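Chain and residue survey
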Amino acid sequence: MAETSDTRTPAQIEADIRRRRELLAETLDEIGVRVHPKTIVGDAKAKVVSNIDHTLGRAYVHVNHVVSDVKARFVNEDGAPRLERVVPAALLVVGVVGLLTVGTRRRKR
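The numbers attached to residues start from 1 for each chain and follow its sequence in the written order. Only residues with pLDDT of at least 70 are given local features in this predicted model, and only at 80 or more are side-chain atom pairs given and counted; all residues enter the totals for whole chains, interfaces and linings. To obtain the side-chain values, all non-hydrogen atoms of the structure were used and water was disregarded.

1. Here's the deal with a nonpolar patch on the surface
- Taken together, the side chains of Leu24, Leu28, Ile31, Val35 and Ile40 define a hydrophobic patch exposed on the protein surface, amounting to about 480 Å² of accessible area.
- Strands here mean DSSP runs of E at least two residues long; helices mean DSSP runs of H or I at least four residues long; both are numbered from the N terminus. At 4 residues, helix H1 (residues 10-35) tops the list of elements feeding residues into the nonpolar patch.
- Within the secondary structure layout, Leu28 lies in helix H1. A patch is a set of surface residues, each over 30% in relative accessible area and not in a salt bridge, joined within 9 Å for like charges and within 5 Å for the nonpolar side chains Val, Leu, Ile, Met, Phe, Trp and Tyr. Accessibility throughout is a Shrake-Rupley quantity obtained with a 1.4 Å probe, and a residue counts as covered only by protein chains that appear here. Any Lys or Arg side-chain nitrogen found within 4 Å of a carboxyl oxygen on Asp or Glu counts as a salt bridge.

2. Considering the UniProt feature "transmembrane region" (unreviewed entry) in the protein
- Here, UniProt's "transmembrane region" (unreviewed entry) annotation points to residues 86-104.
- Taken end to end, residues 86-104 has its terminal C-alpha atoms 27 Å apart, with 100% of it in helix and 0% in strand. UniProt positions are given in the numbering used here, feature names are shortened, and annotations may be inferred rather than shown by experiment.

3. Quick look at a negative patch on the surface
- Under this rule, positive means Lys or Arg and negative means Asp or Glu; His and the chain ends count for nothing. Charge positions are represented by NZ for Lys, CZ for Arg, CG for Asp and CD for Glu. Side chains of Glu22, Glu26, Asp29 and Glu30 sit close together on the surface and give a patch of like negative charge.
- As for its position among the elements, Glu30 is in helix H1.

4. Looking at the confidence of the model for the protein
- The quantity called pLDDT is the predictor's confidence in a given residue, expressed from 0 to 100. Of the residues in the protein, 94% have a pLDDT of 70 or more, and the chain-wide mean is 90.
- Per-element averaging of pLDDT across the protein places helix H3 (residues 83-108) at the bottom with 88 and H1 at the top with 94.

5. Describing the side chain of Arg82
- Position of Arg82 relative to the elements: it lies in the loop between helix H2 (37-74) and H3.
- Think of it in three bands: residues with accessible area under 20% of the maximum for their type are buried, residues over 50% are exposed, and the middle band is partly exposed, with areas taken using a 1.4 Å probe on protein chains only. No salt bridge is formed by the buried Arg82. Its closest oppositely charged neighbour is Glu77, at 4.2 Å.
- Residue contacts follow a heavy-atom distance rule, with two residues in contact if any of their heavy atoms lie within 4.5 Å. Aside from chain neighbours lying at most four places away, what touches Arg82 is Ala72, Arg73, Phe74, Val75, Asn76 and Glu77.

6. Let's talk about the environment of Val87
- In this fold, Val87 is placed in helix H3.
- Here the alpha-carbon distance between Val87 and Val41, two residues 46 residues apart in the chain, equals 56 Å.

7. Some points on the pattern of salt bridges
- Counted by the stated rule, this structure contains 3 salt bridges.
- Residues Arg8 and Asp16 are paired through a salt bridge, measuring 3.0 Å at the closest nitrogen-oxygen approach.
- Note on Arg8: relative accessible area 35%, which makes it partly exposed.
- Among the residues examined, Asp16 registers a relative accessible area of 16% and is labelled buried.
- A cluster of three or more residues bridged by salt bridges with shared partners is formed by Arg8, Asp16, Arg19 and Arg20.

8. Notes on the environment of Pro10
- Along the chain, Pro10 turns up in helix H1.
- Judged by relative accessible area, which is 59%, Pro10 ranks as exposed.
- Here the alpha-carbon distance between Pro10 and Lys108, two residues 98 residues apart in the chain, equals 101 Å.

9. Description of the packing of H1 against H2
- In the contact formed by H1 and H2, the axes pass within 5 Å of each other and the chain directions differ by 55°. One way to sum up the angle between H1 and H2 is to call them oblique. Of H2, the residues touching H1 (which contributes Val33, Arg34 and Val35) are Pro37, Thr39 and Ile40. All axes here are fitted lines through C-alpha atoms, helices being fitted over the stretch that makes contact, and every angle between N-to-C directions spans 0 to 180 degrees. An angle counts as roughly parallel when it lies under 35 degrees, as roughly antiparallel when it exceeds 145, as roughly perpendicular when it falls between 65 and 115, and as oblique in every other case.

Here it is, written out as structure tokens:
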């Protein structure tokens, strides 16, 4: 083994050991916090919430896009309704409601 000469004084060595012990204690405390069940559960909850927020945000954007597309089909750029599309859609809705009403009344008899 090669010998290395240490030029530090015993007080310097003791101070270095003390400093390293403090650093080691801090590191162990950090590890203890990271592996604590409450920390793990909290991190898992935060990840789930983040994923849900991301999914809901994407869903909101998609729904907003679909609503804008539907609106564009029934309203002109200036905001006036497109009667050539609104009237047939309204007649279809009235027809479906009428059929449902007749069907419901027949079942009650």
